[in-house]
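Structure at a glance
In case you want the letters, here they are:
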Amino acid sequence: MANHIKTIGVLTSGGDAPGMNAAIRAVVRTALGKGLNVQGIRRGYHGLLNEEIINMTARDVSDIIQRGGTVLQTARCSEMRTEEGQRKAAGILKKYGIDGLVVIGGDGSFAGAQKLSNLGINTIGIPGTIDLDIDCTEYTIGFDTAVNTAMEAIDKVRDTSTSHERCSVIEVMGRDAGYLALWCGIANGAEQILLPEEHDYDEQKIIDNIVENRKRGKKHYIIINAEGIGDSINMAKRIEEATGMETRATILGHMQRGGSPTCKDRVFASIMGAKAVELLCEGKTNRVVGFSHGEYIDFDIDEALNMKKEIPEYQYKIAKDLSI
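Let me begin by describing the structure that accompanies this report. Everything numeric here is computed off the predicted structure, so don't read it as measured data.

Another point: the sheet that holds strand S8 (residues 221-226). Here 4 strands make up an open sheet; going across it, the order is S7-S8-S6-S9 and the pairing parallel. The open sheet has two edge strands with one neighbour each: strand S7 (192-194) and strand S9 (247-251). Shown here is a sheet whose adjacent strand axes are inclined to one another by a mean of 15°, direction ignored. Bridging between strand S6 (residues 167-172) and S8 involves 6 bridges; their strand directions are parallel. Each bridged residue has a counterpart across the sheet, and for Cys167 the counterpart in S8 is Tyr221. Each of S6, S7, S8 and S9 touches helix H8 (residues 232-243); the most contacted strand, S9, lies at about 170° to it.

Below is the structure:
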């Protein structure tokens, strides 16, 4: 039984991530299969506050599982950070008879879901972010596609860097988290990985390392720089001036968010979307769907928002060991 849940709303919020459409599809079809109504909320919390709410059928989510981005669109919403905005959002949900809300996004989106839960709205969060920076889950939707997109781009930059005997500073996304940079650094065989979580970053050591490697006959050098550190263009200029080695900066940017999601992102998103509906039907609220130790679990949003995810020290050690 649906525990008095009759209508479920679904929205995507914050930065888009490949696999969000698979999650939307799973929410809609799982809910419809349980005899519930589904309302799609366009443009995240911004659209909710502007009552951009549409009825969704199984037909509406046909042929979207392979598409990148989000068919519901997304936006950031400063008004949702205010008490007035939160009350307005809760009132609109009640006006449309939405008993349960599925929020697909990152920690900022979950903060909004937490506030709505406190105002009497049953809410479940699904982790959709390429940054992999939510501590209560080992996996977030979009990471696998984004890291593969970045890996393939870095391979191409390495080809031209090798041909021209250059140093390349390649900046990947991730906001304040270094998971994309760490994974790309290992997968692409980078000589140096710069992560915001590590506090021993010393540009002079990098310069000295490049000089020593050139003396040993090394012809090219790849530095993966995390978005949380940034300054890639100026860094490249400083490295070239100090080493005499031609150095170029490449900022991969938002291309990492696009593209058709990988099989892993489609499967994880589909299972998480279905589980979110099941949790609502069990009467649960203020929860985040996650993945841990091979199982799909749910976690309290309050606790999830108070956690801070760290880079696995062993993985970072391996990355440094392999870069010699």
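Quick look at the sheet that holds strand S5 (residues 122-127) now. With mixed pairing, the 7 strands of this open sheet are ordered in space as S3-S2-S1-S4-S5-S10-S11. Because the sheet does not close on itself, it has two edges, and the strands there are strand S3 (53-55) and strand S11 (295-300). Taking each pair of neighbouring strands and ignoring which way they run, the sheet shows an average axis angle of 30°. Pairing geometry for strand S1 (residues 7-12) and strand S2 (residues 37-41), over 4 bridges, is parallel. In the sheet register, Val10 faces S2, and the bridge partner there is Gly40. Each of S1, strand S4 (100-105), S5, strand S10 (287-292) and S11 is contacted by helix H9 (residues 263-281), which is oriented at about 165° to S5, the strand it contacts most.

So, about the packing of aromatic side chains. Within a pair of aromatic rings, the relevant descriptors are the distance that separates the centres and the angle that separates the planes. Tallying each qualifying case throughout the model produces 5 aromatic pairs. Ring centres of Phe143 and Trp183 lie 5.0 Å apart, and the angle between their planes is 90°; on these two criteria the pair is classed as edge-to-face. Taken together, the residues Phe143 in helix H5 (residues 143-163) and Trp183 in helix H6 (residues 179-187) connect sequence positions 40 residues apart. Assessed through its relative accessible area of 1%, Phe143 is described here as buried. A residue is classified by how much of its surface remains accessible, and Trp183, at 37% relative accessible area, is partly exposed. Ring-pair connections join several aromatic residues into one group, and the members of that group are Tyr139, Phe268, Phe291 and Tyr296. Sitting over the face of the ring of Tyr179, Lys309 holds its NZ or CZ atom 5.3 Å from the ring centroid.

Glancing now at helix H1 (residues 20-33). For H1, spanning 14 residues, the distance from its first C-alpha to its last is 20 Å, which sits close to the expected 20 Å at 1.5 Å a residue. Counting buried residues along H1, 10 of its 14 residues qualify, which places the element largely inside the surrounding structure. Of all the residues in H1, the buried ones are Met20, Asn21, Ala22, Ala23, Ile24, Ala26, Val27, Val28, Thr30 and Ala31. Gly35 occupies a position one or two residues after H1 and carries a positive phi of about 80°.

With that out of the way, let us pick up the packing of helix H7 (residues 203-215) against H8. Two elements in contact, H7 and H8, have axes whose closest approach is 10 Å; the angle formed by their N-to-C orientations is 50°. It follows that H7 is oblique to H8 by the angle criterion. The chirality of how H7 crosses H8 is right-handed. Residues Glu203, Ile207, Ile210, Val211 and Arg214 of H7 form the contact with H8, whose own contacting residues are Met235, Arg238, Ile239, Ala242 and Thr243. When grouped by side-chain class, the residues that make up the contact of H7 with H8 number 6 nonpolar, 1 polar and 3 charged.

About the criteria used
Residues numbered from 1 in each chain as written. Predicted model: local features only at pLDDT ≥ 70, side-chain atom pairs only at ≥ 80, totals over all residues. Heavy atoms only, no water. Pairing = 2+ DSSP bridges. Helix = DSSP H or I, 4+ residues; strand = E, 2+ residues; numbered from the N terminus. Axes fitted to C-alpha atoms, helices over the stretch in contact; angles between N-to-C directions. Contact = heavy atoms within 4.5 Å. Phe/Tyr/Trp six-rings, centres within 6.5 Å; stacked < 30°, edge-to-face > 60°. Buried < 20%, exposed > 50% of the residue type's maximum accessible area, 1.4 Å probe, protein only. Lys NZ or Arg CZ within 6 Å of the ring centre and 35° of its normal. Expected span 1.5 Å × (residues − 1). Parallel < 35°, antiparallel > 145°, perpendicular 65-115°, else oblique. Left-handed = near helix turned anticlockwise from the far one by under 90°. Nonpolar A, V, L, I, M, F, W, Y, C, P; charged D, E, K, R; others polar.

Structural measurements only, silent on function.
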